[in-house]
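Geometric and topological summary
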Amino acid sequence: MVSQWSQLFRPATFTSYITSNAKDKTITALLMVGGATYSIVDAQISHYGDTKSIFSLLVINLALGILLGWIRFYIYAVVLKWTGEWIGGKASREQVISVVAYSLIPALMILPLMAMEFALYRDVIFKSSYVEFCSHSVPAQIIQVLKVLLVIYSSVLLISGLRDVQGFSTVKAFVNFVLPFALIALLLGIVLLLLMLLGSW
């Protein structure tokens, strides 16, 4: 069992593990927990603690993350499939969604790290003052570095999975990984430009 799980965390065997073991219920659960995780991370990055109580912050963000947050990953997977086709990708929508869901597993470890942060520093971790606090606290800095590394490793697994299911080279898989963000940035740029033009009339 341990050797099987180790396959999930190795880029070389990541896709073969998913192909053999992916289940719809597991995929849904991973997307929901991923939504909750990134919702809490968003709350910390946006310093919601400056304007909200810790209770409302946690309840609202966890609830929204579980109920709605998974939608962001589902949409991202669909756009990955769509943009991947532009550059010759061959994966089905189900394959891409599976890769996105399972690649979230390292990032999900951010939740216990944030629980540790909260135990150490309480609600200050959601306030803007935490940025200054981190600059003077080695344990807090270590936790931030670990969180970044987990997100990076999730991205590595996702790119590896895209390479295999899409039939891409690593470089092409990276392009596929970036394309949805570039597309969103382009659309936002167009919207902002239109708003500026309308505002100048």
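The residue numbering used here restarts from 1 in each chain and proceeds along that chain's sequence as written. For a predicted model such as this one, the threshold for reporting local features is a pLDDT of at least 70, and the threshold for listing and counting side-chain atom pairs is 80 or more; totals across whole chains, interfaces and linings nevertheless cover every residue. Derived side-chain values reflect all non-hydrogen atoms in the structure, with water molecules and hydrogen atoms excluded from consideration.

Regarding helix α3 (residues 24-45)
We count it as follows: Segments assigned H or I by DSSP are reported as helices when at least four residues long, segments assigned E as strands when at least two residues long, and all are numbered from the N terminus. One fewer than the residue count of a helix, multiplied by 1.5 Å, yields its expected span.
Here α3 contains 22 residues, and its C-alpha end-to-end distance of 31 Å stays within 8% of the 32 Å for a straight helix at 1.5 Å per residue. Two residues or fewer past α3, H47 is found with a positive phi of approximately 55°.

Some remarks on the nonpolar core
Defined as follows: Among buried residues, those of type Ala, Val, Leu, Ile, Met, Phe, Trp, Tyr and Cys that are joined through side-chain atoms within 4.5 Å constitute a nonpolar core. Exposed residues in this analysis have more than 50% of their type's maximum accessible area, buried residues have under 20%, and partly exposed residues fall in between, with area computed by a 1.4 Å probe over protein chains only. Whether two residues are in contact is decided by their heavy atoms: any pair within 4.5 Å suffices.
Counting 46 residues, the largest nonpolar core has V100, Y102 and L158 as the members making the most contacts within it. Broken down by element, this core gets its largest block of residues, 8 residues, from helix α9 (residues 138-166). Beyond its immediate stretch of four places on either side in the chain, Y102 contacts L8, F14, Y17, I18, N21, A22, K23, T26, I27 and L30.

Observations concerning the environment of V156
You can see V156 is positioned in helix α9. V156 sits 43 residues away from L113 along the chain, and the two C-alpha atoms are 20 Å apart.

Focus: the packing of helix α7 (residues 110-121) against α9
What counts, and what does not: For helices, the fitted line uses only the C-alpha atoms of the stretch in contact; every axis is such a line through C-alpha atoms, and the angle between N-to-C directions lies from 0 to 180 degrees. Small angles under 35 degrees read as roughly parallel and large ones over 145 as roughly antiparallel, with 65 to 115 read as roughly perpendicular and the rest as oblique. Two helices crossing with the near one rotated counterclockwise from the far one by less than a right angle form a left-handed crossing, whereas a clockwise rotation gives a right-handed crossing.
Packing of α7 against α9 leaves a shortest axis separation of 10 Å and a crossing angle of 165°. The orientation of α7 with respect to α9, classified from their angle, is roughly antiparallel. Once α7 is placed against α9, the crossing between them reads as left-handed. In this structure, α7 contributes I110, L113, M114, M116, E117, L120 and Y121 to the contact, and α9 contributes P139, A140, I143, Q144, L146, K147, L150 and V151.

Topic: the pattern of salt bridges
For the record, the criterion: One speaks of a salt bridge when a side-chain nitrogen belonging to Lys or Arg is within 4 Å of a carboxyl oxygen belonging to Asp or Glu.
Taken as a whole and judged by the stated rule, the model has 5 salt bridges. The shortest N-O distance in the salt bridge between E85 and K81 comes to 2.2 Å. On the criterion of helical spacing, the pair formed by E85 and K81 is a turn pair, its members being 4 residues apart in helix α4 (residues 54-86). Classification of K81 by relative accessible area gives buried; the value is 18%. One salt bridge in this structure joins E117 and K147, with 2.9 Å as the shortest N-O distance. In this pair, E117 sits in helix α7 while K147 sits in helix α9, placing the two residues 30 residues apart along the sequence. What makes E117 buried here is its relative accessible area of 0%.

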